[in-house]
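# Fold and geometry: a report
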Amino acid sequence: MKVLVCVKQTFDTEAKIELKDGKINDAGINLIINPYDEVAVEGAIQLKEKGIATEVVIVSAGADKAMDAIRTALAMGADRGILVKQDSAADEYARAVALADAIKKENPDLILAGHVAADDGSSQVPTRIAEILGLPHVNVITSIEIAGGKATCTSEADGGTAVTEVSIPAVISSQVSWNEPRYPSMKGIMQAKKKPVATVDAIAVENKVKVLEFALPAGKTAGIKIEEDPDVAAAQMADWMKNTVKVEVK
Amino acid sequence: MSANFAYLNARDLKFILKEWLPTEEIFAYPQYADYYSKEDLDSVLDPCLKMAKELIEPSNEDGDSHPCQFANGKVITPPTFGPLFHKLQEEGWGTSNIDDSEDAMVLPKVLLSAVWEMFLAANPTFLPYIILTCGAAELIRDFATEEVKEMFLPKMMDGSWSGTMCLTEPSAGSDVGDILSKAYPTDNPRIFRIKGSKMFITGGDNDFTENIVHLYLARIEGAKPGTKGISLFVVPKYWVNEDGSLSDNDVQTTGIEHKLGMYGSVTASLSFGENNGCRGWLLGANSMENDGVGEGMAQMFQMMNGARMETGHSALACIANAYYNARDYCKDRIQGRLITDPKSGRVTIINHEDIKRTLLMGKAHIEAMRAMMYRTYFAFDIKHNDLDPEKRQKASNLIEVTTPLCKAYPSDEAWWLIGEAIQAYGGYGYCEEYPVAQIARDVKIYSIWEGTNFIQSMDLVGRKWMMGKGAVFAEFLQEMRDFCEAHKATVEAAAGGEAGLPDLSLGKEFAILERALESYSQLQMAIGGYMGQKKVGMLPLYARRILTATSQLYAGRCILDQAVLASRKAQELGPDHYDYNFYIGKIMSAKYYLRNVVPNVWAVADIIKDGDCSALDIPIGAFDY
Ligand SMILES: Cc1cc2nc3c(=O)[nH]c(=O)nc-3n(C[C@H](O)[C@H](O)[C@H](O)COP(=O)(O)OP(=O)(O)OC[C@H]3O[C@@H](n4cnc5c(N)ncnc54)[C@H](O)[C@@H]3O)c2cc1C
């Protein structure tokens, strides 16, 4: 069984976001595999270790730098990679189209991805890929069983869990609680360099989303310090909340 | 108790490996060429930084709060240590790197050292279990017969078994020649019966490996006294039978030490052969077939030299982690107002002059020591791999001269430098709630084990100064003079101090290094003079200060070399580049180190020329008052 995992390269979650010339400045930023995708990679490798998957292929759409994310997944234990070269300004639609095209050519039995990317948080790409390819789709799974051409997926549902059975091929997205991604071993890192990675160009489609402006969240405004006796302080605080912060009481 | 690995990034390590040292030479050697290039190093260093933080740091807290225990003849280690040991060993970050077979996948020393530095900083107490296993396995690799290699190495390399070095005995510490451990011949000329007791043995027992392989110094009965007559044996805790099964080898743990720090590291007292049932494999020639002269000390020196490097490196990692923690604290802690602008309100303490000085003092020492150490690690890779005998010899000479510096200088300075990191915290630094208190407790051992720093100093002035009739040390000094000569002209022309930008010129710093070199020659001449007058006591009297001065001179040369490169890069990139601050920081480190630390070289030279003998003249009775 061939398992394909979609991986996005994102900023390190600790990175400090800055804007330069109206755009997010990525100079000097540490880039990592989207932590949610890392869980999908781990899930795929575990399927291989259980003898269910025979090959784990990593696919990433992005700039040349995304190669590092592919290599990291290969170091964890995936077998080969595909870099779909695409402008970093591509939106979720364009990404999904490009990835779906590459996936179709690979004809995998199972497509895994993280359910959301840590950078733009839009949770669209796996669902769009499933739609484009006309495949069943299960989101935010916490475990998976494969047998008899079917995937039985457990996912979080309101107040409980949902168990969904789908035929495969299917597009399945992971929740972080599925597993704990491994650290690459020394040999894994060394071998990753020799594993094959194909580079293809993304099919050209127009973005559907037009970014008008990037803005950083407004900084926290300074609080006030009331150094009075409690009775006076309480009155001043109430006044400040009502007239300055304008807290609405319903 | 709150261990915290505070390396924010591996930028300085990357600078050393990717920009400063010509590591492309190492990665071109056949053993590495298939796997590495300079460009790939991030893929090793970045995940290791993450592992240090997420995987290893928690074990440091565990070790401090669950000290090793000894009950019913058995040792209990902190719960996280065993699983961590096996994980790192199995995944290729430890003893498998000593494999020298052709198809072995191993890290070059200079790169493995960078990985270990981060691991050491994350848990200095844990790493000795791995480091000692590496050292013990290397001795077996280099000196054992094929039979013994096959018996031990695979199990040591995959982490099933661990290793130790057994030198110290109750009556023999610094003077190993006084050991009482004995070895008696058996029917098998390679196997000896062992009898003796050892103490202070790091990792001497544990509850997580199936066997422990002791590299054991003993004297074959009838061999010469002193270090000359000593031989080296492989003495496993459990004897390895021909079919690979294990049986008792009469090795008992009699107790463990309760120490100032390093709570997670077992320091065991061991008795061997109390019931006449302990056996060991001899490494190398039988002393009784060689006029009673054994090869043990020379062989053990290989492990000791490696362990001396790792000891200095551990001290460096602890200093770095203490200062990185202090930096973060000083960025947060609000206290006081600026002396230059008292009306502007309260500020974080990193804005105060004295705190900035403290932090830069730490940063400068860390980077200077790191530069010095990695230059030696680089030489290890050349020595082991290069085909050119002349290059190998040069590398070997550098290793010989700098090993005592690398061991003793960081471990000497660590105590007061970490004290100053605590000082930067104020009262909170003295409290166990913050990580620097534990670092201070853990770090003291490094100036003591692997030969006290006095022993290192005597190695420098007694052996290394004299090697090759003085030619090796002369070459070491000449290289520094050549370095000054080569760069003087270029740095004088370098840009500096333009409006609003920091002064990047390094002319003054080169002048200081030249003056220090000149002073060092005078220092050596003064000592030579005392020796000529048969004032032998002057050598040990000043040895430790000479070691410090030698290290400051050499570390000054190394960090100044880095600053020359950083100055060029900073000018190329300009102040708007994201990496500009890294290079400016490097230049400031070099300036601080050269202008505030290296002048100690001429202070020491002046003191030695003056030749105060009060410490020799004082009667011992005068210490009663
Ligand atoms: C935590 C810990 C772990 C250790 N791990 C190991 C281990 O794994 N294996 C092992 O074999 N040993 C180990 N040791 C032992 C360690 O190497 C010795 O403690 C060290 O070499 C010093 O020996 P000593 O303690 O007997 O001190 P001593 O030799 O008694 O020295 C005491 C002081 O006298 C000085 N001194 C000694 N001789 C002279 C001299 N001739 N001239 C001037 N000054 C002198 C020393 O520098 C020192 O300051 C460990 C020790 C500790 C505390």
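Here the structure is a predicted model, which means the values were calculated and not measured.

## A few points about the overall build of chain A
Of the regular secondary structure elements, chain A holds 6 helices and 13 strands. Radius of gyration (C-alpha) of chain A: 22 Å, far over the 18 Å computed for a compact globule of 250 residues. Principal-axis analysis of the C-alpha atoms gives chain A an extent of 70 × 45 × 40 Å. Among the 250 residues that make up chain A, the fraction classed as buried is 36%.

## Here we look at the overall build of chain B
When its secondary structure is counted, chain B shows 19 helices and 14 strands. Taking 25 Å as the expected radius of gyration for a compact globule of 625 residues, we find that chain B reaches 25 Å, a close match to that expectation. The principal-axis extents of the C-alpha atoms in chain B amount to approximately 80 × 60 × 60 Å. Out of the 625 residues in chain B, the part that is buried amounts to 52%. Sequence-distant contacts, at least 24 apart, represent 75% of the contacts inside chain B between residues at least 6 apart.

## A short note on unusual backbone geometry
Put simply, Ile168 of chain A and Pro169 of chain A share a cis peptide bond, and its omega is 5°. With respect to the helices, strands and loops of the structure, Pro169 of chain A is situated in the loop between β11 (160–167) and β12 (171–174). Its identity is not glycine, yet Asn72 of chain B carries a phi of approximately 50°, on the positive side. A residue is classified by how many C-beta atoms lie within 10 Å of it, and Asn72 of chain B, with 5 of them, is exposed.

## Concerning the site of the ligand
Lining the immediate surroundings of the ligand are 20 residues, of which Leu167, Gly173, Ser174, Phe200 and Thr452 of chain B lie closest. Taken together, the residues of the shell around the ligand sort by class into 11 nonpolar, 8 polar and 1 charged.

## Some points on the nonpolar core
In terms of nonpolar packing, the biggest core is built from 260 residues, with Val5 and Leu99 of chain A together with Phe233 and Ile418 of chain B touching the most fellow members. Of all the elements, helix α9 (residues 296–332) of chain B adds the most residues to this core, at 17 residues. Ignoring any residue separated from it by four or fewer positions in sequence, one finds Leu99 of chain A in contact with Cys6, Val59, Ala61, Val84, Val125 and Ile129 of chain A.

## Focus: the UniProt feature "domain: Electron transfer flavoprotein alpha/beta-subunit N-terminal" (unreviewed entry) in chain A
Following the UniProt record, the feature "domain: Electron transfer flavoprotein alpha/beta-subunit N-terminal" (unreviewed entry) maps to residues 21–209 of chain A here. Secondary structure across residues 21–209 of chain A divides into 30% helix and 32% strand, with the first and last C-alpha atoms of the span separated by 20 Å.

## A few points about the environment of Asn179 of chain A
Residue and element names in this part refer to chain A. Here Asn179 lies in the loop between β12 and α5 (186–192). Sequence separation between Asn179 and Glu42 is 137 residues, and the spatial gap between their C-alpha atoms is 7.2 Å. Residue contacts for Asn179: discarding those within four places in its chain leaves Val39, Glu42, Gly43 and Gln46.

## Considerations on helix α4 (residues 125–133) of chain A
Residue and element names in this part refer to chain A. Those residues of α4 that fall on the buried side of the exposure criterion are Val125, Pro126, Ile129 and Ala130. Within α4, the buried residues cover an arc of 140° as seen down the axis, which keeps them to one side. Buried residues belonging to α4 abut β1 (2–6), α3 (92–106), β8 (110–114), β9 (137–147) and β12. Once α4 finishes, Gly134 follows within two positions and takes phi at roughly 65°, a positive value.

## Thoughts on the interface of chain A and chain B
A common way to state how big an interface is: give the accessible area lost once the parts meet. Counting residues at the interface gives 12 residues for chain A, matched by 15 residues for chain B. Taken together, the residues of the side of chain A that touches chain B break down into 7 nonpolar, 2 polar and 3 charged.

## Quick word on the environment of Asn286 of chain B
Residue and element names in this part refer to chain B. The topology assignment puts Asn286 in the loop between β12 (279–283) and α9. Exposure remark for Asn286: the 17 C-beta atoms within 10 Å place this residue in the partly exposed category. For the pair formed by Asn286 and Arg190, sequence separation is 96 residues and the distance between their alpha carbons is 8.4 Å. Apart from residues no more than four positions distant in its own chain, Asn286 is found in contact with Pro189 and Ile220.

## A look at the domain arrangement of chain A
Here chain A is described as being made up of domain 1 (2–201) and domain 2 (221–250). The centre of domain 1 of chain A, based on its C-alpha atoms, is set 49 Å off from the matching centre of domain 2 of chain A.

## A short note on the pairing of strand β6 (residues 211–220) of chain B
Residue and element names in this part refer to chain B. Among the 10 residues of β6, 9 are classified as buried, and the element is accordingly described as predominantly covered. Note: strand β3 (residues 161–166) against β6, 6 bridges, orientation parallel. In the sheet register, Cys166 faces β6, and the bridge partner there is Tyr216. Sheet analysis places strand β4 (residues 182–185) next to β6, joined by 2 bridges and oriented parallel. From the neighbouring strand, Lys182 faces β6, where its bridge partner is Arg219. In terms of strand pairing, β6 meets strand β7 (residues 230–236) through 7 bridges, oriented antiparallel. Looking at β7, one finds that His214 is bridged to Val235.

## Re the packing of helix α10 (residues 353–385) of chain B against helix α17 (residues 580–597) of chain B
Residues and elements named next belong to chain B. With their axes 8 Å apart at the nearest point, α10 and α17 run at an angle of 95° to one another. Classed by the angle they form, the pair α10 and α17 counts as roughly perpendicular. The segment α10 lies against α17, with Leu360, Met361, Lys363, Ala364, Glu367 and Ala368 engaging Lys586, Met588, Ser589, Tyr592 and Tyr593.

## Details of the packing of α9 of chain B against α10 of chain B
Residues and elements named next belong to chain B. Where α9 contacts α10, the two axes come as close as 10 Å, and the packing angle between them is 150°. Our classification of the angle between α9 and α10 gives roughly antiparallel. Here α9 runs over α10; the crossing is left-handed. For the pair α9 and α10, contact is made by Met309, Gly312, His313, Leu316, Ile319, Ala320, Tyr323, Ala326, Arg327 and Cys330 and by Ile355, Leu359, Gly362, Lys363, His365, Ile366, Met369, Arg370, Met373 and Thr376, respectively. Looking at the contact of α9 with α10 residue by residue, the classes come out as 12 nonpolar, 5 polar and 3 charged.

## Concerning the sheet that holds strand β13 (residues 197–201) of chain A
Residues and elements named next belong to chain A. Spatial ordering of the open sheet is given by β11-β10-β9-β12-β8-β1-β6-β7-β13, a layout of 9 strands whose pairing is mixed. Looking at which strands have only one partner, the edges of the open sheet turn out to be β11 and β13. Taken pair by pair, the neighbouring strands of this sheet meet at an average axis angle of 30°, ignoring direction. Running over the sheet, α4 touches β1, β8, β9 and β12 and is turned about 175° from β12.

## Describing the environment of Tyr32 of chain B
Residues and elements named next belong to chain B. The residue Tyr32 is located in helix α3 (residues 30–33) in this model. Residue Tyr32 is classed as buried on the basis of its C-beta count, with 20 C-beta atoms lying within 10 Å. Taking the C-alpha atoms as reference points, Tyr32 and Ala104, 72 residues apart in sequence, are found 9.4 Å from one another. Those residues in contact with Tyr32 that lie beyond four places of it in its chain are Ile26, Phe27 and Pro108.

## As for the UniProt feature "domain: Acyl-CoA dehydrogenase/oxidase C-terminal" (unreviewed entry) in chain B
Following the UniProt record, the feature "domain: Acyl-CoA dehydrogenase/oxidase C-terminal" (unreviewed entry) maps to residues 294–459 of chain B here. Span residues 294–459 of chain B is 74% helix and 8% strand, its end C-alpha atoms 21 Å apart.

## Details of the pairing of strand β13 (residues 334–338) of chain B
Note on strand geometry: in a regular strand, side chains alternate between the two faces of the sheet. All names here are of chain B. Here β13 pairs with strand β14 (residues 341–348) via 3 bridges, running antiparallel. The residue bridging Arg337 from the neighbouring strand is Arg346, located in β14. Taking the residues between adjacent antiparallel strands as the criterion, β13 and β14 are bridged by 2 residues.

Parameters at a glance
- Residues numbered from 1 in each chain as written.
- Chains lettered and ligands numbered in written order.
- Predicted model: local features only at pLDDT ≥ 70, side-chain atom pairs only at ≥ 80, totals over all residues.
- Helix = DSSP H or I, 4+ residues; strand = E, 2+ residues; numbered from the N terminus.
- Rg over C-alpha atoms; globule rule 2.2 N^0.38 Å.
- Buried ≥ 20, exposed ≤ 12 C-beta atoms within 10 Å, placed from the backbone.
- Contact = placed C-beta atoms within 7 Å.
- Near = placed C-beta within 6 Å.
- Nonpolar A, V, L, I, M, F, W, Y, C, P; charged D, E, K, R; others polar.
- Core = buried A, V, L, I, M, F, W, Y, C linked by C-beta atoms within 7 Å.
- UniProt positions renumbered as here; feature names shortened; annotations may be inferred.
- Arc of directions from axis to C-beta.
- Domains from an automatic or database assignment.
- Pairing = 2+ DSSP bridges.
- Axes fitted to C-alpha atoms, helices over the stretch in contact; angles between N-to-C directions.
- Parallel < 35°, antiparallel > 145°, perpendicular 65-115°, else oblique.
- Left-handed = near helix turned anticlockwise from the far one by under 90°.

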